[in-house]
Structure formats: C-alpha cells, structure tokens
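Chain and residue survey
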Amino acid sequence: MSASRVKIGALVPLQSNLVVNDSASRIPIFEGANVVGRNHLAISDKRVSRKHISLHASGDGSAEVLVEGPNPVIIRSEGHRRKICSQEKVMIVNGDVMELIPGTYLFKYVTIGDEHAFSSTTDSSSSRKGKRHGEDVDLSAKRNRQILEDEAFARTLQDNMARHSTTTSILSSGSQLATTNILDSSKMEAMQHFNVTRDGLPLIFRLMQVQGLPTWANSSSVTIQDVIEGNISVAVLSNYMVDIDWLMSACPNLRKVPHVLVVHGETGASFEHLKKNKPANWILHKPPLPISYGTHHSKAMLLVYPQGVRVVVHTANLIYVDWNNKTQGLWMQDFPWKDDKISNKGSFFENDLVDYLKTLKWPEFSVKIPPVGNVSINAAFFKKFDYSSAMVRLIASVPGYHMGTNLKKWGHMKLRSVLEECKFDKEFCKSPLVYQFSSLGSLDEKWLNELASSMSSGTSDDGSPLGIGKPLIIWPTVEDVRSSLEGYAAGNAIPSPQKNVEKEFLKKYWARWKADHVGRCHAMPHIKTYTRHSGQDIAWFLLTSANLSKAAWGALQKNNTQLMIRSYELGVLFLPSVICHGPVFSCTANDNLKTVDRKSSTPIDGRLKAKLVTLCWNGSKGTDSSSEVIQLPIPYQLPPQPYASEDIPWSWDRRYTKKDVYGQVWPRHVQLYTSQES
C-alpha cells in the first residue's frame, strides 16, 4: 500500500550522542497518516505502545505528531527540549529530534531532500553517478556526520569552506579536522593544561560542559551531576527558569533529597507546569518583586549535607539548553559546620550571604539533620556554617529603593564599596574594563559612566586612585549567532531588541565574542562576567547572573543618595586577596579535612597574595615566592577585538534571511525565552 504513497522523509535512528545508529532501521514517513510504535524497534519494550505516536506529514515536509500511548515523548527543536504528554499534539519539522521514551529511542525527522546526508559512507558511495557527483555526496555526508559528532569543529569547517572554497581533509575518526586555520595549537594547550584539583576549586570558577565539543575543550569543565551529588539533606535551588522534567532526568539524585526549596522566577503556564509536576516534598517560592519589570534572576544552590554546606553560584537556568549548548560559568565551595570555639561574629561572606537570603522571605520549614537535630530552614540557619575560608566576595542585587546605610549594600554600589577597600598593582591604573553578558537593557551614556565609576574603584599600591577605565562590551554578532551550535535558535537566549542594541553611542563599545582558546566560539555565551585587566593580568573578576541593565545593577537617584534596583541577582567576585594555607574542606570527599601545600616556598605566616591571570598568560609561576598565580578560565579573548565595519550586533527582533547552519532563517518560531530576563 505504501508504494503508491508519496514519501516525505524518514525517522533516522540516533545514538545517545546524536550520531546516526546504522544498526537500527529507519522508519519511512509518507504523506498523510503514519503510525510509529513498538514494532519499529529492534527490541521489545512495553513502555513503547504498539501505536505510540501517530504522525501526519504534509507535502511541505512539516508533520503533526499526536502522542497516542500513555508515556510522554520528548521533542528537541531549535536546541530546546519539550515534553509532549499523552493525547497532546506538536508540529515537527526537518531536523527535529524525537525521544520515544525520554532519554531513549532517539529519532531524527529528516525530509526526503536531506535524507541522503544521513546515509553511511557506503550508502553514499553506492549511489554515486560519476566521480564529481560522488565526491559532492561524500563530502556532504562527512559534513553532516561531523555536525552530529563534533558540532563546534563542523561549524568552523563550514565557515572555511564557504569563505575559501578549499578542500579540507577530515581525519578518519571524524573527531578532529586537519586544517591549519581552525585553531592555534598553543591556544588549545591553554585549556588542555587547565587541570584543577578539588583543593584549588574555591579559588576559581569553572566553565560548564558543552555537548559536542572535543575532549580538550571540556577539560576541567563541570556538569550538573558534578554539583548535585552525595547525601544531601536539604537543597535550596535558586533560579529564573526551571524545567522540572529535564531537571529530574538530569539529576536523579534530587529524588532522594528529603527537603527541596525552589526559589524561582517562573510565571504563567510554566509555573503551573512546575507546580503540577514537582515532587510532593518540594516547596516552591517566588520572592517579592515590589518594583515593576523586576525578576528573580539569581542562579545559585545551597546544598546542606550532614558534614556542612555547599554554596554554588552560577549562570545557567535549570533547563536543558543552558547546561548543554551554551558557554556558562560556575563557582562552588564547601564549608563545615561551626564548632563551639568559633566566634559568632560572621565573616564578610557570611554576612553578605545571610543578608541576601533574608530578602527572599521564603516560607520557613523544619527538618531533621543528623549532626544538629531539628532545625528551621531560614536565612539565619546558614549562620551555622564556618565561612572563614571563603575565597570570594558575594555581590548581590535585591529590588528596592536603597539609601542611607543600605546605599552601598547592593548592586553596583556594593561592588564599588568592596573595590574601594582593595589595593591593586600599578599596572591597573586606568586599565580597561570588560562587560560581557547575554541581555542588554535600555541604556544611556550617563548610566554607563555611573557603572564605570563603580567598576573603576580601588587604589594602587601607593594609595592613588586607579582612575576610570574605558569599557568594552563583548556581544555576539549576527554571524556569531547564525553559525553557532544552535544556529539562529541561540538568539532566543540573547533577548535584546533593536531599540536597545542599535543606539548610536554604543558603537564605540562593541567587541567580538572570541573563545578559540576554550573551544567555545560557537557555544553562544549565557555567562555574565565583568573584569578589569592589563593584558593577561586580571585586577578583579566578577561571575554573576547580572546582565548589563539598570534593573540588574541599579541606578542612582535623588542626587546619588538612593539606588533603585528592580531584580534579584547574585555573583561572586575574585580578588587578589591573601590566600591562607590551611585545611580544605569537602562535603563529599572521604577525607573531609586535609592540608594543601600549594607552594613549596610558602612564607612563614602561611599567607600568599593571589595574582589573577587568564589561561593565555605566559609568565612563570615560580618566580615570586610571595604570590600565587591563579589562572581563571575566562572564556573570551583579552584584550577584546573591537567590531569591524561589517560586524552587526545581534538583536532578536530583526529579520535575517541568510540561512543558518541548519538551513533556517530568522525568525522561525515564537521566541522561547522572555525578554524580561534582564
């Protein structure tokens, strides 16, 4: 019967790493009604119904999927993962991936025109008609296979082919490209040699793992399973967006945690889905937002163990694409319970943390934790831990009109007050500033000068002010987004409109997103960072949830006596502060307390001054016995490269007709992020 029907395409079986599974059969898709179920699988799995989905394909290649069986199906489209429940419908198009059971039985929907690109090399060669045609088919197959196996390098290959029309040799393994202009080997070495022991983690942040990158680019990177691990008694998860279905599948350990508090920024249907599908022992809380257009945007975790607490500050929403497809950053440190000998007087870190948690006003709840018995989980509870070993300062924003003693407690005024207490090397006098983020607010030059004044605070060793630094803004171009791992879909998470991006005065600030040395040129940044540098030397570095906006950082009012902030934000500030050599604590390691000798020539008092540098720093680590070099995996080139005349800053409400790496134009569908993520 099918012989008389028009074939539209096929469901191509994939392995878990999205490589074509040649050992499994393809499922042909014909125009009109199709049924996919258990009989199409190589093994019998009763979770898959005999009529698991029905698929109605149209002549234009699109198809409507109806979930017929009781179990949900996952659709991956434009880098986003969506759960489709029984009797729900969804449209799919060429290139979308379907998981018949979440996490298993992956199929890519490929229309007839593109189906040859997913053939094996043998299939391609057998269908050749003439040498020239065969070479084209073979190259196309290699290119598409490379995209599946190693997307970052494949993007570079496509760009090089388009620009130079040269023949590129692909190694037989399909995991490396033999081309001289893809990446300088010395830049690769910077990331390859960045191997940090557990003992050194509190001194640095880490980049999150990006799916599809070569091994060297994910060296010392972190996954969510690396963070949420061990025997957790209480978890406080703070974020803006929360995909409960992905979170539970990515972190099955969360199901074992007896008490989970989610402090979130979700609204509408997303919140209703979260509320409906959360485990019964989870508590949801949305903090008060007293000023319009504010959001709860902080991204952090507080994981309480019988041994202590793990504090995590990061930049990713709790959604699939943020932890797999984008450049993100994460810092964490474990702290033990206080003992009776420790003074109740808190450290800077403790005071800043507890003051911030108080503003969230979550509903207090009681738990039983083995070493301390019954306790109430509120802001004051977190005073029970010893933060004296904290290697960073917290910089937070909370909504409100802050004045008097609170004027310098939050936002950019908090950063100003901390930097004012610091002394820096003279090389940082009038040195440049860098702002890097993923959403641009509605700005004016007056406010940018206000921010630069705060970020230029601090004195040199001789006591003189460092002076105002000239800022550059690192922002992806349209071409960066078009050729990224996600194609134009990456622009959903860079949600800034033309009216914000295309202001004339901003042109002098624009700089390129260049991340060759960490292999992330094509992993669009959702990370937010601010820094002051001199070449590869770093005065200070801030990893934060705060984008470049007045809502996030605050704006001075009433003759600079009041700071108005709309949103909650949280970041960690790395400073060239003194490092005290002593016990390094872990909540999950077997040997919870151990002494770390980071330098054989430690001064008598055991204290060293940190020297912050990039991964591309070329100095010698052993030349100065009074300082310790700390390399931070800053994911962009310093100094940044200013825009060229042809570079156009990305804005998400413009139309782009040049097709991306998936053959799509922009806009394709309604944006999946919301522009309120300030």
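The following refers to the structure shown. On a predicted model such as this, the values are computed, not experimentally measured, just so you know. (Residues numbered from 1 in each chain as written. Predicted model: local features only at pLDDT ≥ 70, side-chain atom pairs only at ≥ 80, totals over all residues. Heavy atoms only, no water.)

Re the sheet that holds strand β18 (residues 308-314)
Applicable threshold: By this definition, two strands are paired if DSSP reports at least two bridges between them. Only DSSP runs of H or I reaching four residues or more are called helices, and only runs of E reaching two or more are called strands; each is numbered from the N terminus.
The sheet built from seven strands is open, its strands ordered β13-β19-β18-β17-β14-β15-β16 with mixed pairing. Each edge of the sheet is formed by a strand with only one pairing partner; in this case those strands are β13 (206-207) and β16 (282-285). In the sheet, β18 pairs with strand β19 (residues 329-336) via seven bridges, with the strands oriented antiparallel. Across the sheet, valine 309 pairs through a bridge with phenylalanine 335, a residue of β19.

With respect to the packing of aromatic side chains
Put simply, the rule reads: A pair of Phe, Tyr and Trp rings is counted when the ring centres sit within 6.5 Å of each other, with Trp represented by its six-membered ring. The angle between the planes then sorts it: under 30 degrees is stacked, over 60 is edge-to-face, the rest tilted. Residue exposure (1.4 Å probe, protein chains only): buried if accessible area is under 20% of the type maximum, exposed if over 50%, otherwise partly exposed. Sitting over a ring, as applied to charges here, requires NZ of Lys or CZ of Arg to be within 6 Å of the ring centre and within 35 degrees of the ring normal.
Summed over all chains, the structure comprises 25 aromatic pairs. Relative to phenylalanine 574, the ring of phenylalanine 541 lies with its centre 6.4 Å away and its plane at 50°, an arrangement referred to as tilted. Here the residue phenylalanine 541 occupies a position in strand β30 (residues 537-544), and phenylalanine 574 occupies one in strand β33 (residues 569-574), the gap between them amounting to 33 residues. No difference in accessibility class separates phenylalanine 541 from phenylalanine 574, as the two residues are buried. Through successive ring pairs, a cluster of aromatic residues spans Trp331, Phe335, Trp337, Phe349, Trp362, Phe381, Phe382, Phe385 and Tyr387. Its guanidinium or amino end placed over the ring of phenylalanine 348, arginine 393 lies 4.3 Å from that ring's centre, counting from NZ or CZ.

Comments concerning the sheet that holds strand β1 (residues 7-14)
Put simply, the rule reads: Whenever a helix is involved, its axis is fitted only over the stretch in contact; in every case the axis is a line through C-alpha atoms, and angles between N-to-C directions fall within 0 to 180 degrees.
Strands sit in the order β2-β1-β10-β9-β6-β7 across an open sheet of six strands; the sheet is antiparallel. Bordering the open sheet on either side are β2 (27-30) and β7 (80-84), each of which pairs with just one other strand. Averaged over all adjacent pairs, the angle separating strand axes in this sheet is 25°, with direction ignored. Where β1 meets strand β10 (residues 104-111), six bridges bridge the pair, whose relative direction is antiparallel. Each bridged residue has a counterpart across the sheet, and for leucine 11 the counterpart in β10 is tyrosine 109.

Some thoughts on helix α9 (residues 348-360)
Our working rule: One less than the number of residues in a helix, times 1.5 Å, gives the span that helix is expected to have.
Taking 1.5 Å of rise per residue, 13 residues should cover 18 Å, and α9 covers 19 Å from first to last C-alpha, within 8% of that figure. Turning to α9, its buried residues are Phe349, Glu350, Asp352, Leu353, Val354, Tyr356, Leu357 and Leu360. One or two residues past the end of α9 sits lysine 361, with phi positive at roughly 55°.

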